[in-house]
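Take a look at the letters that make up each chain.
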Amino acid sequence: MNPGPVVADPRVRQALADVELCHREPEFAGMSQRVRGMIAEVAGAGTSHAAVLLTTSGTGALEAVLSSVVPPGGKLLVVANGYYGERLAEIARVHALDVEVVDFGWTSPVDVERVAAALRAGDVTHVGLVHHETSTGMLNPVTELARVVREAGASLVLDAISSIGGEPLDVVADGVDWCVGTANKCIEGIPGISFVLAPHERWHGLAGNPPRTVYLDLHRHYQTQVVDGSPAFTPAVQVVHALERALELLLEETVTRRSARYRSSSETLRSGLEELGLDLLLAPADRSSTLTAIGQPDGIDYATLHARMKAEGFVIYAGQRELSDRAFRLATMGQLTVDDIARFLTELRLALAGERIGRGSEQRA
Ligand SMILES: *Cc1c(COP(=O)(O)O)cnc(C)c1O
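Residues numbered from 1 in each chain as written. Predicted model: local features only at pLDDT ≥ 70, side-chain atom pairs only at ≥ 80, totals over all residues. Heavy atoms only, no water.

Colleague: What exactly am I supposed to notice about the site of the ligand here?
Modeller: In the vicinity of the ligand, the contacting residues are S57, G58, T59, L62, Y84, V130, H132, T134, D159, I161, S162 and K185. Between the ligand and S57 there is a distance of 2.5 Å, counted from an oxygen atom to a side-chain nitrogen or oxygen. Interatomic distance of 2.5 Å between a side-chain N/O atom of T59 and an oxygen atom of the ligand. More than half of the atoms belonging to the ligand lie within 2 Å of the grid points that define the largest pocket. The leading source of residues in the shell around the ligand is helix α3 (residues 58-69), at three residues. Here the residues of the shell around the ligand sort into four nonpolar, six polar and two charged. (Near = heavy atom within 4 Å. Polar contact = N/O pair within 3.5 Å; in protein donor to acceptor, adjacent residues only side chain to side chain. 1 Å grid on protein atoms, 1.4 Å probe; cavity = no way out; pocket = protein on both sides within 12 Å on 5 of 7 lines; lining within 4 Å. Sits in = over half its atoms within 2 Å of the grid points. Helix = DSSP H or I, 4+ residues; strand = E, 2+ residues; numbered from the N terminus. Nonpolar A, V, L, I, M, F, W, Y, C, P; charged D, E, K, R; others polar.)

Set out below in structure tokens:
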């Protein structure tokens, strides 16, 4: 129940083993084009936009976008209310960008007015925002924030890594300039491929920026993948093939229905957790469809709880940094069933009561 890599459909895992081909052959060019087209479709975009694929985890794609799009003399404003917002600022600092952070503190919602005020005060060219703050389960108001960014004449870089496919997102209606995602969270693919989606005019605008890295130079990836039809470097071919299958399954299910499926699982889970007397960190209105942060219960430490639940077949996920002693997390992304959630709640109740230690491992043995 970690927020990626998620439990994938067997057809997606099978797709990993089904392909052996050279990335310079037309078969790969076709596959890459189909994958990039489906990514645009999942985010509500059409031919006005193009996605490029990067063989990296999500952080690599964030690093590519921040190091490529903010020009010399540009300034990045980061909206932060958790670990991943802070990570955007960290990446910007490593690349010696001029960066300012509007920090709301973990578990607090973003105040759009404060962001608008920071934009009025400064010479900001780009704004970095995390759509779903996976450290807490907070869903940030992308539509409202995109509006104030547009009004300030800046560009929006959206970390949609843990939201795309699992939350409604329309980059065209909202005017998201740079949208970053990854294969192995709500798209339900296999880890190893991430992507950046943007309107063609934004891609063309990169032509004059001097690259800060070779491997992550986004303009080079756009030129090679989208214009020339052949990737700059060797991609994870099998993972792209699995991503193609995952995207087909997502479009068949639709983002709307997948998001509703995740939310329904989360709601079942959340009411079960509350019945067990556990505290949920966020107010209901702030919660995403997919992730729940739970106050660490008295009387059992995280490591013990983790070990007991793992013995029953469930992986729970630790809190990060300032929440590491205070909270743990549960995600309902991926191929989890209603029965899985019910069984999880039963086992959690027994674990909290200190019963049946190790029963599951004995049964499986
Ligand atoms: C998972 C995640 C990332 C990137 O993590 P990787 O381990 O590099 O794939 C970035 N931002 C958010 C919001 C995430 O949930």
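Having put the structure on the table, let's press on.
Colleague: It is not clear to me how the packing of aromatic side chains should be interpreted in this structure. Could you clarify?
Modeller: To describe a pair of aromatic rings, you give the distance between the ring centres and the angle between the ring planes. Throughout the structure, instances matching the rule amount to seven aromatic pairs. Measuring from ring centre to ring centre gives 6.5 Å for Y83 and W106, while their planes differ by 80°; the resulting arrangement is edge-to-face. Placement of Y83 in helix α4 (residues 83-94) and of W106 in the loop between β3 (98-103) and α5 (112-121) is noted, with a sequence separation of 23 residues between them. The exposure class of Y83 is buried, given its relative accessible area of 17%. With a centroid separation of 6.5 Å and an interplanar angle of 40°, the aromatic rings of Y302 and F328 are classed as tilted. Separated by 26 residues along the polypeptide, Y302 in helix α12 (residues 302-311) and F328 in strand β12 (residues 327-331) bring together distant segments of the chain. Taken as a pair, Y302 and F328 share a single burial class, namely buried. Among the aromatic residues, those joined into a cluster by ring pairs are Y83, Y84 and W106. It is K185 that lies over the ring of Y84; its NZ or CZ is 5.9 Å from the centre. (Phe/Tyr/Trp six-rings, centres within 6.5 Å; stacked < 30°, edge-to-face > 60°. Buried < 20%, exposed > 50% of the residue type's maximum accessible area, 1.4 Å probe, protein only. Lys NZ or Arg CZ within 6 Å of the ring centre and 35° of its normal.)

Colleague: Help me understand the environment of L247, please; the structure alone is not making it clear to me.
Modeller: The topology assignment puts L247 in helix α10 (residues 237-253). Judged by its relative accessible area of 0%, L247 falls in the buried class. L247 sits 104 residues away from T143 along the chain, and the two C-alpha atoms are 24 Å apart.

Colleague: Sorry if this is basic, but what is going on with the environment of G319 here?
Modeller: Its place among the elements puts G319 in the loop between β11 (317-318) and β12. Residue G319 is classed as buried on the basis of its relative accessible area, which comes to 11%. With residues up to four places along the chain from it excluded, the contact list for G319 reads S324, A327, F328 and R329. (Contact = heavy atoms within 4.5 Å.)

Colleague: Honestly, the sheet that holds β3 in this entry has me stumped. Any pointers?
Modeller: Note on sheets: strands pair through backbone hydrogen bonds, and any given pair is parallel or antiparallel. Strand order in the open sheet made by the seven strands is β1-β9-β8-β7-β4-β2-β3, with mixed pairing throughout. Each end of this open sheet is capped by a strand with a single partner; those strands are β1 (49-54) and β3. Put simply, the sheet's adjacent strands are angled 20° from each other on average, direction ignored. Across five bridges, the pairing between strand β4 (residues 126-130) and strand β7 (residues 155-159) is parallel. Residue pairing in the sheet places L129 in a bridge with L158 of β7. (Pairing = 2+ DSSP bridges. Axes fitted to C-alpha atoms, helices over the stretch in contact; angles between N-to-C directions.)

Colleague: Looking at this structure, how should I read the layout of surface pockets?
Modeller: Over the atoms, a rolling probe the size of a water molecule traces out where space has been left empty. Space inside the largest pocket adds up to approximately 310 Å³. Of all the secondary-structure elements, those providing two or more residues to the lining of the largest pocket are α3 and α4. Among the elements that line the lining of the largest pocket, the one with the most residues is α3, at three residues. Partitioned by chemical class, the residues of the lining of the largest pocket number eight nonpolar, twelve polar and three charged. (Points joined across faces, edges and corners; volume = space filled by probe spheres on them.)

Colleague: Would you take a moment to explain the pattern of salt bridges for this structure?
Modeller: Side-chain pairs of opposite charge can arise whenever the charged atoms involved come near each other. Evaluation of the coordinates by the stated rule reveals twelve salt bridges. Residues K75 and D123 are paired through a salt bridge, measuring 3.6 Å at the closest nitrogen-oxygen approach. Linking K75 in strand β2 (residues 75-80) with D123 in the loop between α5 and β4, this pair joins segments that are 48 residues apart in sequence. Taking relative accessible area as the criterion, K75 reaches 13% and is therefore assigned buried. When the shortest N-O distance is used, the salt bridge between R120 and E113 registers 3.5 Å. Each member of the pair, R120 as well as E113, carries the same accessibility label: exposed. (Salt bridge = Lys/Arg side-chain N within 4 Å of Asp/Glu carboxyl O.)

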